[in-house]
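Geometric and topological summary
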Amino acid sequence: MSNVYEALGVPTVINAVGPSTRLSGGIMRPEVAEAMAAASQHCVDIAQLQARASQVIAEYTGAEAGYVTSGAAAGLLLGTAACVTGLDPGKMNRLPDTTGMKNEVIMARSHRNFYDHAVRSVGIKLVEVGIADRFSGAGVRDAEGWEIGAAVNERTAAVVYVSYAHTQPPLAEVIAAAHAHGVPVIVDAAGQVPPVDNLRRFIAEGADLVAFSGGKAIGGPQSSGILCGRADLITSVALQHLDLDVMPALWNPPPELIDRAQLPGAPQHGIGRPCKVGKEEIVGLLTALRLFVEEDPAVRHQRWLDKMTALVQECGTLAHATAEVVADRKRVEVPTVRLTLDEESAGLSALELVRALEEGTPSIAANPTYVQEGVVVFGPMCLRSGEESAIAARLRALLGA
Ligand SMILES: *Cc1c(COP(=O)(O)O)cnc(C)c1O
């Protein structure tokens, strides 16, 4: 299939980073690609398709309702908008002007990241809480649940929580503090599956909305995501996302997603309209989600582990580096290969090695997160069969076998 890219004159890349957006995401399973192609051959009422997606997502997540978004970041935008406007179509129409609305969103300072641009784009004021001096090395503390509670006032629309294994304070503390004031909590769990249990975990802990990427480990279309949570918030999400170029007299949304009787009228196109989701993405995401949940996690782990083991084996003994598989299932969900470079004897730094891999033909993308420690990381999730051999051959050429 590389011929479609050949025809365009765009080189393909060996992606040993993972399903990163910059590298065009992952490799979809054939069943997902086939479902998307089949979806493209018919037309449906897109609101009815989202209503059905809501039921499927609810089943897999334990949430009241769900929605297919164009990614986790879109989920953050839509979820924030829902928390600001509720079911008021007048407020929906005015966004991102939030004058007179609940327009503050609280985040622990240590959770700030560039994806929160999606939250800020709703027109809210971000209120940062806590000093995470454990990251500067000057201390041991991070934000605490009570600090989140103390930042709540009558303008607070939501708390946004970014979930990683090391995230502090614990989600349960933040939910308790927010819910004590009736404030909803939105969890950014974009890359937090696997483990598959995390599809349910944050909802079970009481989160009001949870955003996942569809294009990361779930294996859905690159521009898809899941937002799940409270039914009233998902209704607000749908109202601010769906195409509403419709005559009010003909507007007949599926009542399980949007109950017209609850509304004074229909809003216009909402703030989420630019994050459009096609029927192909919705069907592709639902297909990928089913396959992801049905696959035995041990089998998935073994499939990834086999690729990483093969990479290390084919590297053999390198003159100026050692490669080892990191796959302790208690600590890492996705096995990787950690290549530690002897920068002095190799005559090149880890950063220069990453650059040399990228500049070769075909280009090999490796994870540069730990180059400061002289380490380059390779991941299995987006490697096509045989690509581990191509990586090993390049490493042997660059580092001496
Ligand atoms: C990947 C990621 C996102 C963005 O997800 P998309 O599905 O690409 O929109 C948001 N937040 C975090 C923490 C992420 O890792």
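Residues numbered from 1 in each chain as written. Predicted model: local features only at pLDDT ≥ 70, side-chain atom pairs only at ≥ 80, totals over all residues. Heavy atoms only, no water.

**Concerning the packing of aromatic side chains**
Two measures describe an aromatic ring pair: the distance that separates the ring centres and the angle between the ring planes. The tally for this structure, following the rule as stated, stands at 1 aromatic pair. Relative to F212, the ring of F202 has its centre 6.5 Å away and its plane inclined at 45°; by these criteria the two rings are tilted. A residue pair is termed long-range when its members are at least 10 positions apart, and F202 in helix α10 (residues 198–204) and F212 in strand β7 (residues 209–213) qualify at 10 residues. The pair F202 / F212 is uniform in exposure class, with both members buried. A cation over a ring is seen here: R300 above F292, with NZ or CZ 4.0 Å from the ring centre. Against the face of Y370 rests R338, its NZ or CZ located 5.8 Å from the ring centre. (Phe/Tyr/Trp six-rings, centres within 6.5 Å; stacked < 30°, edge-to-face > 60°. Helix = DSSP H or I, 4+ residues; strand = E, 2+ residues; numbered from the N terminus. Buried < 20%, exposed > 50% of the residue type's maximum accessible area, 1.4 Å probe, protein only. Lys NZ or Arg CZ within 6 Å of the ring centre and 35° of its normal.)

**Examining the sheet that holds strand β12 (residues 375–378)**
The strand order across the open sheet formed by 3 strands is β9-β10-β12, and the pairing between neighbours is antiparallel. Bordering the open sheet on either side are β9 (321–326) and β12, each of which pairs with just one other strand. Geometrically, the sheet is characterised by an average inter-axis angle of 20° between neighbouring strands, direction not taken into account. As paired strands, strand β10 (residues 336–341) and β12 are joined by 4 bridges and run antiparallel to one another. Pairing of L339 across the sheet is with V376, part of β12. Across the sheet, helix α15 (residues 350–359) touches β10 and β12, and the angle it forms with β12 is around 40°. (Pairing = 2+ DSSP bridges. Axes fitted to C-alpha atoms, helices over the stretch in contact; angles between N-to-C directions. Contact = heavy atoms within 4.5 Å.)

**A closer look at the environment of T336**
Note that T336 resides in strand β10. Distance from T336 to V377, taken between C-alpha atoms, is 6.7 Å for residues 41 residues apart in sequence.

**Points about the domain arrangement of the protein chain**
Segmentation of the protein chain into domains returns domain 1 (26–294) and domain 2 (296–399). Averaged C-alpha coordinates put domain 1 and domain 2 at centres separated by 34 Å. Contacts between domain 1 and domain 2 engage 9 residues on the former and 9 residues on the latter. Taking both partners together, domain 1 and domain 2 bury about 680 Å²; carbon and sulfur atoms supply 65% of that area. In terms of surface lost to domain 2, no three residues of domain 1 exceed I27, P194 and F292, which account for 54% of the buried area on that side. The interface formed by domain 1 and domain 2 holds 0 salt bridges in total. Between domain 1 and domain 2 we count 2 residue pairs in polar contact (both at pLDDT 80 or more) in total. The class makeup of the residues in the side of domain 1 that touches domain 2 is 6 nonpolar, 1 polar and 2 charged. (Domains from an automatic or database assignment. Buried area = accessible area lost by both parts, 1.4 Å probe. Salt bridge = Lys/Arg side-chain N within 4 Å of Asp/Glu carboxyl O. Polar contact = N/O pair within 3.5 Å; in protein donor to acceptor, adjacent residues only side chain to side chain. Nonpolar A, V, L, I, M, F, W, Y, C, P; charged D, E, K, R; others polar.)

**Here's the deal with helix α11 (residues 231–241)**
Burial analysis of α11 places 9 of its 11 residues in the buried class, the great majority of the element. When we look at burial in α11, the residues that qualify are L233, I234, T235, S236, V237, A238, L239, Q240 and H241. For α11, the elements touching its buried residues are α3 (46–61), β2 (65–69), α4 (72–85), α5 (89–94), β7 and β8 (225–229).

**Some thoughts on the side chain of S54**
With respect to the helices and strands, the residue S54 is situated in helix α3. Classification of S54 by relative accessible area gives buried; the value is 8%.

**Things to note about the site of the ligand**
Taken together, the residues surrounding the ligand are T21, G71, A72, A73, Y115, Y164, D188, A190, S213 and K216. With respect to the ligand, the side chain of Y164 contributes an N or O atom lying 3.4 Å from an oxygen atom. Burial of the ligand by the protein amounts to 87% of the accessible area it has alone, namely 390 Å². Tallied by class, the residues present in the shell around the ligand amount to 5 nonpolar, 3 polar and 2 charged. (Near = heavy atom within 4 Å. Areas by Shrake-Rupley, 256 points an atom, 1.4 Å probe, with all protein chains shown as cover.)

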